[in-house]
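Spelled out from the first residue to the last, the chains are:
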Amino acid sequence: MSLDGAITLNKTMLAQAIVAALVATPLTAWASEADLLQRIDMLAAELEKVKAELLATRQKTDTVEKRQDGLAAAAAAAPASLNGPSVSNVSVGPQTVLTGYGEVNYNRPTKDPSQTQTDVRRAVIGIQHRFDDKTKLVTEFEWEHAVTSATDSGEAEVEQLYIEREFDNGLRAKAGLFLIPAGLLNTNHEPTAYYGVERNFVETAIIPSTWREAGLGLSSTLDNGLTWDVGLTTGFDLAKWDAVSTDGRLSPLGSIHQEGQLAKSRDLSVHGALNWRGVPGLLLGGSIFTGNASQGTANFAAPAARVTLGDLHARYTPGRWDLAAVYARGTISNTDALNLTFVGNPTPVPSSFYGWYAQSAYRAWKSGDYTLTPFIRYEEYNTAASYSAVPLGVGVPSGPDVKLVTVGASLKVGEGVVLKADYQKFKNDNTRDRLNLGLGYSF
């Protein structure tokens, strides 16, 4: 609506209000003629205020339009190599968005306090750029453990780097390095999105979060609340397995993932995921990932080795409650001959590994920007549940089920900052019991 039109409309409304007041109320109800005139003056003052606000809004709009016209003219005059997306494809508003998250954690083992440490666990900067209404770039760059060099434990890595295109039929396609849709944590791994100072063991030791692969993906969300994802990507490289190191015991797949770094791609993998959100507050889903892991390595003892990982997950948030559960199981097949070459070493390749957890959280207190949510989580996992058969007496026994309980609370400050505290009690090995404190943020 134009400024003049708005002013005319407000004059008409003022006149109607005065007539309605005079008609609906007997003249004797007014205290005096002076009282009536005072009321009219008040309404006129309100009208002048509205006129001033509309004029200020129109001036701001004119300024923005002039700036946009100037930018468009400058872009048209610039060389094509500097223009980027054409002006006709750029919608009004910021096209590039900066995001990020990070966390600083404190871990104190209760049996050996001398091992207490504080770590800048990670700092992540994300840049998203929308070329047009249907095409965008998503990137995330991560630094771990504060310092990265040849002699330090830190890492610098590209966590995501892909282009996504949306089509008119609701289909989305992406290409590049992206997160695999497995479990609850892998695609929602900001510290403000999960409970506990540290990420849970099932979704780090079994599902190697944050797990990403390079390739192609398709996804869509249907009217019934079902979202499906499928993809063709790089996979794992079993030739990287180190039977001397304990890395494979900590996370079998975490020790052989490629992360888009000169990734061997002789053998590609496929994945699929289904997630249903047809009931408010409820998420039910599952995923599967499978592919050959020999990568055509010459003279490799396990040329037909295949990695398969599947999961089932659920989350329900009725009222103040937040309930979640995940079950994940992986296999590495056809490793008999390979493990024979590892005889005498502590870490052969497991043929199966699995884990599950159940978690309950309750929003106990909220005041202004502060929200306190206690939680409890029970986990069981085994990174070496079974091994392929080897000659009697030279094999390695399967690992024990690790069982632990985590009890703690998250204090959110607004929507972007969280303070965390928890205590973890391990049933099988109390030397791992620890107190954790953490600070996290995301934006």
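Residues take numbers from 1 onward in each chain, read along the sequence in its written order. Where local features are concerned, this predicted model is filtered to residues with pLDDT of at least 70; where side-chain atom pairs are given and counted, the filter is 80 or more; whole-chain, interface and lining totals use all residues. For the side-chain quantities, the full set of heavy atoms in the structure was used; hydrogens and water were omitted.

A.B. asks: Could you clarify how one ought to interpret the overall build of the protein in this entry?
C.D. replies: Each helix and strand in the protein was counted, giving 6 helices and 17 strands. For every residue, the accessible area obtained with a 1.4 Å probe (protein chains only) is divided by the maximum for its type, and the residue is called buried under 20%, exposed over 50%, and partly exposed between those limits. For the protein, the proportion of its 443 residues judged to be buried stands at 39%. Taking the intrachain contacts of the protein between residues at least 6 apart in sequence as the baseline, contacts between residues at least 24 apart amount to 59%. Accessible areas in this description were obtained via Shrake-Rupley with a 1.4 Å probe; residue shielding takes into account the shown protein chains only. Accessible surface, the protein as shown: approximately 23,600 Å² in total, 60% of it carbon and sulfur. Working definition: helices are DSSP H or I runs of at least four residues, strands are E runs of at least two. Numbering for both runs from the N terminus. In this analysis, two residues are considered to be in contact whenever any of their non-hydrogen atoms come within 4.5 Å of each other.

A.B. asks: Even after reading the chapter, I still don't get the confidence of the model for the protein, so can you show me in this structure?
C.D. replies: Atomic detail in the predicted coordinates should be set aside for any region of low pLDDT. Across the protein, the average pLDDT comes to 86, with 77% of residues at 70 or higher. The low-confidence segment residues 6-11, where pLDDT is below 50, has 8 contacts with residues more than four positions distant or belonging to other chains. pLDDT expresses how confident the predictor is about each individual residue, on a scale running from 0 to 100. Predicted confidence is poor over residues 63-93, with pLDDT under 50, and the contacts of this stretch with residues over four places away or in other chains come to 12 contacts.

A.B. asks: I would appreciate a short explanation of the nonpolar core in the present structure.
C.D. replies: Definition used in this section: a nonpolar core is a set of buried Ala, Val, Leu, Ile, Met, Phe, Trp, Tyr and Cys residues joined via side-chain atoms within 4.5 Å. Among the nonpolar cores identified, the biggest contains 36 residues, and Trp211, Phe236, Leu238 and Tyr381 are the most heavily contacted of them. For this core, the element with the most residues is strand β11 (residues 321-333), which contributes 4 residues. For phenylalanine 236, the contacting residues outside a window of four places in its chain are Trp211, Glu213, Leu253, Ile256, His257, Gln258, Phe289, Asn292, Ala293, Gln295 and Val307.

A.B. asks: I tried to follow the pattern of salt bridges on my own but got confused; where do I start?
C.D. replies: Oppositely charged side chains can pair when the atoms bearing their charge come close. Only one rule defines a salt bridge in this text: a Lys or Arg side-chain nitrogen within 4 Å of an Asp or Glu carboxyl oxygen. Throughout the structure, instances matching the rule amount to 14 salt bridges. With a closest N to O distance of 3.5 Å, lysine 264 and aspartate 237 form a salt bridge. Residue lysine 264 is found in the loop between α5 (247-250) and β8 (269-276), and its partner aspartate 237 is found in the loop between β7 (226-233) and α5; the two are separated by 27 residues along the sequence. The exposure class of lysine 264 is partly exposed, given its relative accessible area of 35%. A single network of salt bridges, built from pairs that share partners, joins Glu103, Arg122 and Glu142.

A.B. asks: What is the right way to look at a nonpolar patch on the surface in this model?
C.D. replies: Side chains of Leu98, Val104, Val120, Ile125, Ile127, Trp143, Val417, Leu419, Leu439, Tyr441 and Phe443 sit close together on the surface and give an oily, nonpolar patch of about 900 Å² of accessible area. Listed by contribution, the elements that provide at least two residues to the nonpolar patch are β1 (96-109), β2 (117-130), β16 (417-426) and β17 (434-442). Ranked by the residues each element gives to the nonpolar patch, the list is headed by β2, at 3 residues. The residue isoleucine 125 is located in strand β2 in this model. The exposure class of isoleucine 125 is partly exposed, given its relative accessible area of 33%. Patch definition: residues with relative accessible area over 30% and no salt bridge; like charges joined within 9 Å; nonpolar side chains (Val, Leu, Ile, Met, Phe, Trp, Tyr) joined within 5 Å.

A.B. asks: Is there a simple way to explain the pairing of strand β6 (residues 212-221) in this structure?
C.D. replies: Moving residue by residue along a regular strand, the side chains alternate between the two faces of the sheet. Strands pair, by our definition, only if DSSP identifies at least two bridges between them. Where strand β5 (residues 172-179) lies against β6, 8 bridges are found, and the strand directions are antiparallel. Counted as the bridge partner of leucine 177 is alanine 214 from β6. As judged from the 7 bridges shared by β6 and β7, these two strands associate in the antiparallel manner. The residue bridging leucine 218 from the neighbouring strand is valine 230, located in β7. In this structure, the hairpin formed by β6 and β7 is closed by a connection of 4 residues, where glycine 225 is found at a positive phi of approximately 90°.

A.B. asks: Before we go on, may I ask you to explain the packing of aromatic side chains in this structure?
C.D. replies: Aromatic rings considered in pairs are described by the distance between their centres and by the relative angle of their planes. Two rings belonging to Phe, Tyr or Trp (six-membered ring only in the last case) form a pair when the distance between their centres is within 6.5 Å. Interplanar angles under 30 degrees mark stacking, angles over 60 mark edge-to-face geometry, and anything in between is tilted. Counting across every chain of the model gives 10 aromatic pairs. Aromatic side chains tyrosine 162 and phenylalanine 178 sit 6.3 Å apart centroid to centroid with 85° between the ring planes, which places their arrangement in the edge-to-face category. One end of the pair, tyrosine 162, is in strand β4 (residues 155-166); the other, phenylalanine 178, is in strand β5, and 16 residues separate them in sequence. Here phenylalanine 178 falls in the buried class, since its relative accessible area comes to 1%. For the pair tyrosine 441 and phenylalanine 443, a centre-to-centre distance of 6.3 Å together with 10° between the ring planes defines the contact as stacked. Given the relative accessible area of 31%, tyrosine 441 is considered partly exposed. Here the aromatic residues Phe201, Tyr381 and Phe426 are joined through ring pairs into a cluster of three or more. A positively charged side chain is recorded as over a ring if its NZ (Lys) or CZ (Arg) lies within 6 Å of the ring centre. The angle to the ring normal must also be within 35 degrees. Of note, lysine 174 hangs over the ring of tyrosine 162, and the distance from its end group to the ring centre comes to 5.4 Å. The ring of tyrosine 194 has lysine 420 sitting right over it, with the charged end atom 3.9 Å from the ring centre.

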